[in-house]
Amino acid sequence: FVAALIPSINNSNFADTARGLTDALHGSGLQLLLAYTDYSVEKEEELIESMLRRRPESIVVTGGSHTPRARKLLENSGIPVVETWDLPKRPVRHVVGFSNAEASKALVYYLHGKGYQRIAFIGGTTNRDTRGADRRAGYEAAMSELGLPETRVISFGTPPISMKQGGEAVARLMEQWPEVEAAICVSDLSAFGAVMECSRRRWNVPERIAIAGFGDFEISSCCHPAITTVGVHCHDIGYRAGDLILRAIEGERMGQPVAAETIITPFEVIARASA
């Protein structure tokens, strides 16, 4: 079997990645065993240890940030390891993902191109969601590159922040910086909550404040107004990780190990009515 560690099955993007893995492994005789880290590197470490006791043929983890012990377990596992949804500076072995920072930067540049100058960022209160932290870093880097040094960051709720917390965060944002013109939310769920709170308070979106999300969740296209976001091809991440696993396992069986690979998956800004 192949072990896969994802933050949450309630996140449709990670569920799509798991489906991509399943599709790639179909017909190979390998089964996918999922475990959920709840965005905790400590829990990830426990799960890696537990999974390795079951002797999987490969292990897939979400993100490139691990505890030192978890990293050592992965490095010494003797099986193909694939890190996804990230581009770690020091990969354990194989990588299939994208730069969350660069994707967030692209969103800032898009909003700036639309004429927005006072752009804010809404994220969680901790760096437990390391990909969310990278998105914030990308926002701050883009603001600096564009000569917009006054960043406005609202940290609200424990990651992953919910729709309700997104609504509460945008209210706090407008109270603290009433001049803000646009807000980037760390995910589409928090962006949906922000749009709904704006509607409740009769703040027209995007006329009073533009809202953008991240991830292209289904809810972002069903919302009114539909939410501008970043699409990251979740199913493709899983499928390409699964294909890499199959090649790596076959290479081990043939005595021809596959060299470490980094597969960069695409992302794009999806322009909709909210910004």
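The preceding data block contains the structure.
To keep things clear, this report deals only with the structure shown in the data block. (Residues numbered from 1 in each chain as written. Predicted model: local features only at pLDDT ≥ 70, side-chain atom pairs only at ≥ 80, totals over all residues. Heavy atoms only, no water.)

### Quick word on the pairing of strand 3 (residues 58-62)
Okay, so step 1: The buried fraction of strand 3 is high, at 5 of 5 residues.
Okay, so step 2: Alternating residues of strand 3 divide into Ser 58, Val 60 and Thr 62 and Ile 59 and Val 61, and every residue in both groups is buried.
Okay, so step 3: Where strand 1 (residues 2-6) meets strand 3, 4 bridges bridge the pair, whose relative direction is parallel. Residue pairing in the sheet places Ala 4 in a bridge with Val 60 of strand 3.
Okay, so step 4: Bridging between strand 3 and strand 4 (residues 81-84) involves 4 bridges; their strand directions are parallel. Paired with Val 61 across the strands is Glu 83, a residue of strand 4.
Okay, so step 5: A crossover links strand 3 with its parallel partner strand 4, the connecting element being helix 3 (residues 68-75), and its sense is right-handed. (Buried < 20%, exposed > 50% of the residue type's maximum accessible area, 1.4 Å probe, protein only. Helix = DSSP H or I, 4+ residues; strand = E, 2+ residues; numbered from the N terminus. Pairing = 2+ DSSP bridges. Right-handed = clockwise from strand over helix to strand, strands pointing away.)

### Here we look at the nonpolar core
Okay, so step 1: Of all hydrophobic cores here, the largest spans 64 residues; its most connected members are Ile 119, Ile 122, Leu 173, Ile 184, Ile 209 and Ile 211.
Okay, so step 2: With 6 residues, helix 9 (residues 234-253) is the largest single contributor of residues to this core.
Okay, so step 3: Sequence-distant contacts of Ile 211, defined by excluding residues within four places in its chain, comprise Val 170, Ala 183, Cys 185, Ala 191, Ala 194, Val 195, Val 205, Ile 227, Thr 228, Ser 274 and Ala 275.
Okay, so step 4: With 13 residues, the next largest nonpolar core counts Leu 47, Met 51, Val 61 and Val 92 among its residues. (Core = buried A, V, L, I, M, F, W, Y, C linked by side-chain atoms within 4.5 Å. Contact = heavy atoms within 4.5 Å.)

### As for the packing of helix 2 (residues 41-53) against helix 3
Okay, so step 1: Where helix 2 meets helix 3, the axes come as close as 9 Å, and the angle between the chain directions of the two elements is 25°. Overall, the two elements helix 2 and helix 3 adopt an arrangement that is roughly parallel. Here helix 2 and helix 3 pass one another in a crossing that is left-handed. Residues Glu 44, Glu 45, Ile 48, Glu 49 and Leu 52 of helix 2 lie in contact with helix 3, whose contacting residues are Arg 69, Ala 70, Leu 73 and Leu 74.
Okay, so step 2: In terms of residue class, the contact of helix 2 with helix 3 is built from 5 nonpolar, no polar and 4 charged. (Axes fitted to C-alpha atoms, helices over the stretch in contact; angles between N-to-C directions. Parallel < 35°, antiparallel > 145°, perpendicular 65-115°, else oblique. Left-handed = near helix turned anticlockwise from the far one by under 90°. Nonpolar A, V, L, I, M, F, W, Y, C, P; charged D, E, K, R; others polar.)

### So, the sheet that holds strand 6 (residues 119-123)
Okay, so step 1: With parallel pairing, the 4 strands of this open sheet are ordered in space as 7-6-8-9. On the outer flanks of this sheet lie strand 7 (152-155) and strand 9 (210-212), each paired with one strand and no other. Strand-to-strand, the axes of this sheet are offset by a mean angle of 20°, without reference to chain direction.
Okay, so step 2: When strand 6 meets strand 7, the two strands line up parallel, connected through 4 bridges. Each residue of the ladder has a partner; that of Ala 120, found in strand 7, is Arg 152.
Okay, so step 3: Sheet contacts for helix 4 (residues 100-113): strand 6, strand 8 (182-185) and strand 9; angle to strand 8, the most-contacted strand, approximately 160°.
Okay, so step 4: Running at roughly 170° to strand 6, helix 5 (residues 130-145) makes contact with strand 6, strand 7 and strand 8 of the sheet.

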